Amino acid sequence: MKNKFVTVFGSSVPKPGEEEYETAYLLGTLLAQSGLNVCTGGYKGIMDAVSKGASEAGAEAVGVTLDIYNSVPSKYLTKEIKCHTLFDRLENLINIGEAYVILQGGTGTLVELAIVWEFMNKKMMPKKPVACHGQMWTEIVNFMESQIKKEKRETGLIKCFSDIEKCAGYIINSLSGTE
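Because the structure is a prediction, the values reported are computed rather than measured.

Participant: Sorry, what's going on with the environment of Asn92 here?
Facilitator: You can see Asn92 is positioned in helix H3 (residues 86–96). Given the relative accessible area of 25%, Asn92 is considered partly exposed. Along the primary structure Asn92 and Leu31 are separated by 61 residues, whereas in three dimensions their C-alpha atoms are 20 Å apart. Among all residues touching Asn92, those that are not within four sequence positions of it are Val64, Ile81 and Cys83.

Participant: What should I look at first to understand the nonpolar core in this one?
Facilitator: Generally speaking, nonpolar side chains in soluble globular proteins are found buried as a group. Counting residues in hydrophobic clusters, the biggest one holds 27 residues, and the most contacted among them are Val6, Val8, Leu27, Leu31, Val101, Leu103 and Ile171. Elements represented by at least two residues in this core include exactly strand E1 (5–9), helix H1 (19–33), helix H2 (46–56), strand E5 (99–102) and helix H6 (164–176). No other element matches H6, which puts 7 residues into this core. Residues in contact with Leu31, not counting those within four places in the same chain, are Val6, Val8, Leu36, Val38, Ala168, Ile171 and Ile172.

Participant: Teacher, can you tell me more about the sheet that holds strand E3 (residues 61–66) here?
Facilitator: Pairing within the open sheet is parallel, and its 7 strands lie in the order E4-E3-E2-E1-E5-E6-E7. The strands lining the two open edges of the sheet, one partner per strand, are strand E4 (79–83) and strand E7 (159–161). Averaged over neighbouring strand pairs, the angle between their axes works out to 20° when direction is ignored. The sheet contact formed by strand E2 (residues 37–40) and E3 spans 3 bridges and is parallel. Counterpart to Thr40 in the pairing with E3 is Gly63. In the packing of H6 onto the sheet, contacts are made with E1, E5, strand E6 (130–133) and E7, and the angle to E6 comes to roughly 175°.

The rules we used
- Residues numbered from 1 in each chain as written.
- Predicted model: local features only at pLDDT ≥ 70, side-chain atom pairs only at ≥ 80, totals over all residues.
- Heavy atoms only, no water.
- Helix = DSSP H or I, 4+ residues; strand = E, 2+ residues; numbered from the N terminus.
- Buried < 20%, exposed > 50% of the residue type's maximum accessible area, 1.4 Å probe, protein only.
- Contact = heavy atoms within 4.5 Å.
- Core = buried A, V, L, I, M, F, W, Y, C linked by side-chain atoms within 4.5 Å.
- Pairing = 2+ DSSP bridges.
- Axes fitted to C-alpha atoms, helices over the stretch in contact; angles between N-to-C directions.

Rendered as structure tokens:
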């Protein structure tokens with residue numbers, strides 16, 4: 001699995017020592033210890049934490065950055081891919097990932113989840129493992145699943161977890177073929 005990447009989406013707001021940051025750090029560590037690499041938006045917060053956990057555990061941590069932001073990329077990146085538009089950035093984040101984890105975030109993270117979900121739902125990309133972590137995403141996914149069911153589209157594409165170890169386990173097992 002050493003050449004496989006998991007794209008992790010999440011907020012830039014959490015700081016080291018805060019629960020959301022430490023959860024993301026643990027996720028990066030768990031994925032790396034299982035031979036997976038990570039890809040993030042490349043900046044601070046959850047992106048930094050995941051990159052730190054992965055790189056400290058010996059995995060690659062790719063950051064897909066956007067040159068219109070006035071931010072410094074995470075120092076834990078092993079590679080930076082610079083994009084000029086938000087759409088290029090989103091395309092790279094999606095294309096690099098063979099699986100996706102959605103952590104705590106705001107509207108940007110919601111957009112990222114929605115694009116992945118829509119692309120799979122409309123068969124614009126193959127089905128890939130997608131895991132959301134946290135109560136907020138559980139509520140959003142459950143609400144949307146009821147609408148998707150009404151539209152007679154495929155449900156169950158997104159899995160939700162309240163435990164980060166189970167979330168990571170789902171991704172690891174899915175990519176190793178044991179899920």
